Amino acid sequence: MKPKMRMVGVVGAAFVAGTVLGPVVMPPVVSAFAQEAGNRAETYRLLNLFGDIFERVRAEYVEPVNDREVIESAINGMLQGLDPHSSYMNARSFRDMQVQTRGEFGGLGIEVSQEGGYVKVISPIDDTPAAKAGVKPGDLITHLNGNSVQGLTLQEAVEQMRGERGSSIKLTIRRPGTESPIELSLTRDVIRPQVARFRMEGEDVGYVRLSSFNEQTEGALRRAVSTLRQQAGNNLKGIILDLRNNPGGLLDQAVQVSDDFLERGEIVSTRARRADDAQRWNAKPGDIADGLRVIVLINGGSASASEIVAGALQDHRRAVVLGTKSFGKGSVQTVMPIPGNGAIRLTTARYYTPSGRSIQATGITPDIEVLATREEGNAPLRDREADLRRALRNDNGTNGSTEAPPLPPLNLPAGVQDKVSRLPPEGAPAFDPTKPETDFQLQQAAGLLRAWSTADPQRRAAR
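This section reports on the structure supplied with the text. Predicted, not measured: the structure shown is a model, and the values here were computed from it.

Calculation rules
- Residues numbered from 1 in each chain as written.
- Predicted model: local features only at pLDDT ≥ 70, side-chain atom pairs only at ≥ 80, totals over all residues.
- Heavy atoms only, no water.
- Helix = DSSP H or I, 4+ residues; strand = E, 2+ residues; numbered from the N terminus.
- Buried < 20%, exposed > 50% of the residue type's maximum accessible area, 1.4 Å probe, protein only.
- Contact = heavy atoms within 4.5 Å.
- Areas by Shrake-Rupley, 256 points an atom, 1.4 Å probe, with all protein chains shown as cover.
- Pairing = 2+ DSSP bridges.
- Axes fitted to C-alpha atoms, helices over the stretch in contact; angles between N-to-C directions.
- Parallel < 35°, antiparallel > 145°, perpendicular 65-115°, else oblique.
- Left-handed = near helix turned anticlockwise from the far one by under 90°.
- Nonpolar A, V, L, I, M, F, W, Y, C, P; charged D, E, K, R; others polar.
- Salt bridge = Lys/Arg side-chain N within 4 Å of Asp/Glu carboxyl O.
- Patch = residues over 30% accessible without salt bridge, like charges linked within 9 Å, V, L, I, M, F, W, Y side chains within 5 Å.
- Phe/Tyr/Trp six-rings, centres within 6.5 Å; stacked < 30°, edge-to-face > 60°.
- Lys NZ or Arg CZ within 6 Å of the ring centre and 35° of its normal.
- Arc of directions from axis to C-beta.

### Structural notes on the overall build of the protein chain
So, step 1. Tallying secondary structure elements over the protein chain gives ten helices and 19 strands in all.
So, step 2. The proportion of buried residues among the 463 residues of the protein chain is 43%.
So, step 3. Sequence-distant contacts, at least 24 apart, represent 71% of the contacts inside the protein chain between residues at least 6 apart.
So, step 4. With an accessible surface of roughly 24100 Å², the protein chain has 52% of that area assigned to carbon and sulfur atoms.

### As for unusual backbone geometry
So, step 1. One non-glycine residue, S304, lies in positive phi territory at about 60°.
So, step 2. Here S304 shows up in the loop between β15 (293-298) and α9 (305-315).
So, step 3. The exposure class assigned to S304 is buried, which follows from its relative accessible area of 9%.

### Thoughts on the pairing of strand β10 (residues 196-201)
So, step 1. With six bridges connecting them, β10 and strand β11 (residues 205-210) associate as antiparallel partners. What sits directly across from M200, in β11, is G206.
So, step 2. Where β10 hands over to β11, the hairpin turn is made up of three residues, of which G202 adopts a positive phi near 70°.

### Topic: the packing of helix α8 (residues 251-261) against α9
So, step 1. Contact geometry for α8 and α9: axes closest at 9 Å, N-to-C directions at 25°. Compared by their axis directions, α8 and α9 come out roughly parallel. Helix-helix and strand crossings are classified by hand; for α8 and α9 the assignment is right-handed. Packed against α8, whose contacting residues are L251, A254, V257, S258 and F261, the element α9 presents A305, I308, V309, A312 and L313 at the interface.
So, step 2. In the contact of α8 with α9, the residues fall into nine nonpolar, one polar and no charged.

### Looking at the pattern of salt bridges
So, step 1. Here the structure, examined in full by the defined rule, presents 27 salt bridges.
So, step 2. For R209, the salt bridge goes to D126, with nearest N and O atoms at 2.5 Å. Of this pair, R209 sits in strand β11 while D126 sits in the loop between β4 (118-124) and α5 (129-133), and the two are 83 residues apart along the sequence.
So, step 3. Judged by relative accessible area, R209 falls into the buried class, the value being 11%.
So, step 4. The exposure class of D126 is partly exposed, given its relative accessible area of 21%.
So, step 5. Linked by salt bridges that have partners in common, D126, R209, D242, R244 and D439 make up one network.

### Quick notes on the environment of R273
So, step 1. Relative to the helices and strands, R273 resides in the loop between β13 (266-272) and β14 (279-282).
So, step 2. Remark: the alpha-carbon pair of R273 and R350, spanning 77 residues in sequence, is separated by 9.3 Å.

### Here's the deal with the sheet that holds β10
So, step 1. One open sheet holds the six strands; their spatial order is β10-β11-β12-β15-β16-β19, and the pairing between them is mixed. For this open sheet the edge positions go to β10 and β19 (368-369), each flanked by a neighbour on one side alone.
So, step 2. One ladder, built from five bridges, connects β11 with strand β12 (residues 238-242); its direction is parallel. Opposite Y207, over in β12, you have I240 as the bridge partner.
So, step 3. Its contacts with the sheet put helix α10 (residues 440-455) on β10, β11, β12, β15, β16 (320-323) and β19, and the angle it makes with β15 is roughly 160°.

### Focus on a nonpolar patch on the surface
So, step 1. Among the surface-exposed residues, L46, L49 and I53 lie close enough to one another that they form a single nonpolar patch of about 280 Å² accessible area.
So, step 2. Within the fold, L46 resides in helix α2 (residues 27-60).

### Observations concerning the packing of aromatic side chains
So, step 1. For the structure on display, the rule yields one aromatic pair.
So, step 2. A ring pair is formed by F50 and F54, whose centres lie 6.5 Å apart and whose planes are at 5°; its orientation type is stacked. Of the two residues, F50 and F54 are both situated in helix α2; the distance of four residues between them amounts to about one turn of the helix.
So, step 3. For F50, a relative accessible area of 41% puts it in the partly exposed group.
So, step 4. Sitting over the ring of Y352, R271 keeps its end group 3.7 Å from the ring centre.
So, step 5. Its end group placed over the ring of W452, R293 keeps NZ or CZ at 5.6 Å from the ring centre.

### Digging into the packing of helix α7 (residues 217-232) against α8
So, step 1. Where α7 meets α8, the closest approach of the two axes is 9 Å, and the angle between their N-to-C directions is 25°. Here α7 is positioned roughly parallel relative to α8, judged by the angle of their axes. For the pair formed by α7 and α8, the contact residues are T217, E218, L221 and R222 on the first element and Q253, Q256, V257, D260 and F261 on the second.
So, step 2. Classifying every residue of the contact of α7 with α8 by side-chain character gives three nonpolar, three polar and three charged.

### Looking at the environment of V309
So, step 1. Structurally, V309 can be placed in helix α9.
So, step 2. Judged by relative accessible area, which is 0%, V309 ranks as buried.
So, step 3. C-alpha separation for the pair V309 and Q256, spaced 53 residues apart in sequence, amounts to 9.1 Å.
So, step 4. What V309 contacts, discounting residues up to four positions off in sequence, is F213, L241, L243, A254, V257 and S258.

### So, the pairing of strand β17 (residues 331-337)
So, step 1. Pairing analysis gives seven bridges linking β17 to strand β18 (residues 343-352), with the strands arranged antiparallel. Pairing of V335 across the sheet is with R345, part of β18.
So, step 2. Joining the antiparallel neighbours β17 and β18 is a turn of five residues, in which G340 adopts a positive phi near 80°.

### Some thoughts on helix α4 (residues 91-101)
So, step 1. Here α4 has its buried residues at S93, F94 and M97. Angularly, the buried residues of α4 cover 100° about the axis, an arc narrow enough to put them on a single face.
So, step 2. Structurally, α4 contributes buried residues whose contacts are with β1 (87-89), α6 (154-161), β17 and β18.

Here's what the structure looks like:
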């Protein structure tokens, strides 16, 4: 009853102001209340329109319709009409999402969005059926088991790709640069992504790859760094944090991962529609790497939470960011449960790096650009957030400022950056995930760490 009581109070105030006070004392208030009342009346007319169309569909559609399915489709259409990341989840989808954020879910292992009616792959998750079958970022899934995905909502398409372990599904994929459709048959599995993989690169460089940001990520990172430091002892020159093709995940995990490397200062802030809803997260003392040099690897598949981490460490000059420009998803989605009816995922804020940069639709630009292949230099840029329909605009340059503040200088020792090559040499072997020596970006990062350590052996983190 509270919303109804609140509405009656406003109407009452409008009546008093308009008939008694308005003509003599406060004509602007009369105008404002009249406009508000007019807007409210228009809203009621539109809701009546929805009810009329719903009744017409129920009565005259060629086949009987399910009321819940029709209304849920309308709700989802309303949310997806806002931006690419807002959506409705029915009770089953909401349960699946909760399981996924805990780090275990059933399906193929793909982070997806929707574009032009097709399902677009943002990134496959490491060691899942999708990754093993060769699904790549930027692929467009056009058919599921021979049926077109056109006309399906993103949630409906995702539900079709989920299923029991051992069941199979056929994907038809349209890949940029490939003329013919690609047919892939995948067997579903229980997806338990190992969010942190780590190893020593040689005897002196630690390598940690984070594949996503779920509830397990920060704890897994801490264990990885601790193990690497024990393995290397005093030989450890630095850590490479690989966030390439990491599609993101939980905001609080991105904050904690950033905090793990920072001693102080802002990590990220969010700004919502109302100024009072703005939030800011700051680092607490304690660096799990104890001042070791850090290089962050990113590419066009690094999105959302990955960009928060890369932006925070870049702005504080705690890490050198190497690779190619990131995806550019700088918005925050809040999941709002609807008791008995699933939940809505609603874009509620933009996030900003410590220097005040919004990376929405722009992405994180690496400090040092290194391409994965020579062909990448001539190929068109892979699609990013800015290419999605109804993507939020970037608001750098609003609120009286002209542009985002510049970053502090990189301050690498003289000549060190010159040792990094932007392109692989002619005839370089094709990348093989099982052979780290074929990963050009990784090898350039490791070489940079070693050159940096040689040129500045006494360097310590600022305290």
